[in-house]
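Listed here are the chains, written in short residue letters.
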Amino acid sequence: MDKAAAFHGNPAPGLIIGGYMVERAKSLLPAGTLFEALVETPKCLPDAVQLLSLCSTGNGWMRVLNLGRYAVTLYDKYTGEGVRVHLDPAKLEAWPEIKSWLLKLKPKAEQDKGKLLDAIRRAGDSILADRPVTITPRHLGKSSMGAVGICPVCHEAYPAKDGSICRGCRGEEPFAGMTPEPERRCLPELTALPVEMAVGRVALHDMTRVVPGLTKEPAVLAGQIISQADVQLLKEMGRFTVYVASDGEDASGFVHEDEAAKAFGRAMAGEGVRFREPPREGKITFFAARGGLLGIDRQALLRFNLLPGVICAARQGDLLVEKDRPFAACRAVPLFMPRASFEAALAVLKDAPLFQVLPLRKASAGILVTGTEVAGGVIEDKFIPVVRGKLVALGSTVAATDIRPDDRREIASGVRGLLAAGADLIVTTAGLSVDPGDVTRLGLLDAGLTDMLYGIPVLPGAMMLLGRIGETQVIGIPACALFHKTTALDLLLPRVLAGVPITRGDLAAMGEGGFCLQCKSCTFPKCPFGK
C-alpha cells in the first residue's frame, strides 16, 4: 500500500487488485522464466506491473494493448507461453463494494474507500481467474524504432517510419500555435523593384493576369525581359513591385519553383502519363497519355502533401480517364524552396511513380443470364444488351451468351460452356439475392469459383460478386443493374479489366461515396458516385 501510494500518488483500488494479479501470474510461471508483460488496459494495472516486476514501458518489456479489459499476461519472452489473469466479475457477488467499484454502480464520491480497500485485502486473489495462453509471434520481441530522420518542418528527430514529417507536425500535437513555418525563416534575399525600374530586367517568375469570368493566364513569364509595354499591364494587375533576377544573389540553398515542379513531374509520372513543360505559374500539369484507369499511390500522395511548401491535387483514382485529358497538377508553394524541403519531397517519390494510367485489357466475355422465368420464355431477356453495351464501351467483346434457369447444376453447366467457348471473363446476371430460389452463387461455386468476394457497400449493387475460375475472372451482377443505369458494376468493371487486384479492404473503402443519388438525369462519372 505504501509503495502504491508513493508510485501512483494514492493507493488506488485498481492498483492494489493489480498487485494480486501480477503476483498470481508470477506464481504460475515456471521458476527462472524470463518474462514480459502484456496489459489490456492503461488504467492503474500497468503501474502494478512496473512496481512488482522488472517490466516497464521504458525498457519495452511491458506492452499496453488497450482492449478495455482488466487483465494482465506474463509470458516467456522467447516462447510466448504464459498465464493470463483477469478480474472475474462472476466472483464479485460476495464482494459488493468491489463489484460496485468495477461496474461503476455508484459515483466515486459515494464510495467508502476504506471499506473498498478492506474488501480487496480480504478477497485477495479469490476474485481472479487465470488461464494459460500463448502470445502470437507478431507480438513477441521488442519493436525497433528503425531509422531516424529529421522532420523538415520542426527540424527535430523522429522515427522515419512515421512518414515524411513527424506526427506532431501532422497535427497530432496538443499545443496551440506551435507549428513552425521554416519557409518564413529562411528565404533567399530577392531583388524587388518598382515596375518602372524593372524595365529591361528578367522576370523571376510567372505573373498571372485574372479577368473574372474570362481568363486566368500568365501575362509575364519567368525569364521574360520586362518591357515598357508591360509596366501599365502589371499595374493594372496590382503589381507595383516585382522580383527580378540578379547575378549577385546567392540562392544555392534553394530551388526555384519551376525547377522543383519539373523534378516532381519526372518523379510522379508513371506509365501512361505525360506532363507539359515548361511549368506555368510554378505548376506542372499531368495528362493521360492513353485512355485507361487512373492509378494513384494514395499513401505516397498523402506523404507528399504533408510536407511543407509543396502540393499535388488529383482526380479520384480508380476511375477512367480519357487520352490527353488533364487529371492532376503539382507545384511548389514558395517561389524558392529550401533545398532540404525539396529533397525531402523528392525522397517521398523515390520508390515508385505517383500516377499511372493502366490500359484496359480487351476481354473476350461470356454472359450468363440466370432466371427460370427468362429461360422458360415467360419474359424477354433484357440483361444481355445492357451488359454487352458496357463491355463493348470499354473495348471488350462478347464471345458467347447463355440463359439458364435458377438451378445450380444448370448454372454450373452454363459456366463450363462459356469457358469452353473461350471466355476469359464471365459475367453472370441476377440470382444473387437472399431468396431461396436465387442459386447463382452456388452454381458458380460448383463450377469452381474461388477467391469469392460477395457483397459490397455500394448502392445500387450491394449483392455484387467477384471471383475467378482458374485464370478466368468472374463478375456476378445483381438484378438491380437491369433497372438502374449506373451501379457498382460501373465502378468495378474498369478495375477488373485493368488487372487491379481487389481485396475486401478495397471494397470496404468504397462505402464512402458508394451511395448513388439516382438522379433523374444521370451524369456519371461527373457526379459524386464512387468518389
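Further up the page is the structure itself.
Below or above, wherever it landed, is the structure these notes cover. Since we're looking at a predicted model, the values are computed, not measured.

1. Let's talk about the overall build of the chain
No. 1: Across its full length, the chain carries 17 helices and 26 strands.
No. 2: The globule rule puts the C-alpha radius of gyration for 531 residues at 24 Å, and the 33 Å found for the chain is more than 25% above it.
No. 3: Considering only C-alpha atoms, the chain reaches an extent of 95 × 85 × 45 Å along its principal axes.
No. 4: Among the 531 residues that make up the chain, the fraction classed as buried is 44%.
No. 5: Considering only residue pairs separated by 6 or more positions, the chain has 67% of its internal contacts joining residues 24 or more positions apart.
No. 6: Accessible surface for the chain amounts to roughly 27,300 Å². Of this, 55% is attributable to carbon and sulfur atoms.

2. Some details on the sheet that holds strand S20 (residues 355-358)
No. 1: Strand order in the open sheet formed by three strands is S17-S15-S20, and the pairing between neighbours is antiparallel. Both edges of this open sheet fall to strand S17 (320-321) and S20, since each of them pairs with a single strand only.
No. 2: In the sheet, strand S15 (residues 292-296) pairs with S17 via two bridges, with the strands oriented antiparallel. Across the sheet, Gly292 pairs through a bridge with Val321, a residue of S17.

3. What to know about the packing of helix H2 (residues 13-28) against helix H5 (residues 113-123)
No. 1: At a closest axis distance of 10 Å, the pairing of H2 and H5 adopts a crossing angle of 5 degrees. In terms of their interaxial angle, H2 and H5 are classed as roughly parallel. Of the residues in H5, those in contact with Pro13, Ile16, Ile17 and Tyr20 of H2 are Lys113, Leu116, Leu117, Ile120 and Arg121.
No. 2: A per-class count over the contact of H2 with H5 returns seven nonpolar, no polar and two charged.

Calculation criteria
- Residues numbered from 1 in each chain as written.
- Predicted model: local features only at pLDDT ≥ 70, side-chain atom pairs only at ≥ 80, totals over all residues.
- Heavy atoms only, no water.
- Helix = DSSP H or I, 4+ residues; strand = E, 2+ residues; numbered from the N terminus.
- Rg over C-alpha atoms; globule rule 2.2 N^0.38 Å.
- Buried < 20%, exposed > 50% of the residue type's maximum accessible area, 1.4 Å probe, protein only.
- Contact = heavy atoms within 4.5 Å.
- Areas by Shrake-Rupley, 256 points an atom, 1.4 Å probe, with all protein chains shown as cover.
- Pairing = 2+ DSSP bridges.
- Axes fitted to C-alpha atoms, helices over the stretch in contact; angles between N-to-C directions.
- Parallel < 35°, antiparallel > 145°, perpendicular 65-115°, else oblique.
- Nonpolar A, V, L, I, M, F, W, Y, C, P; charged D, E, K, R; others polar.

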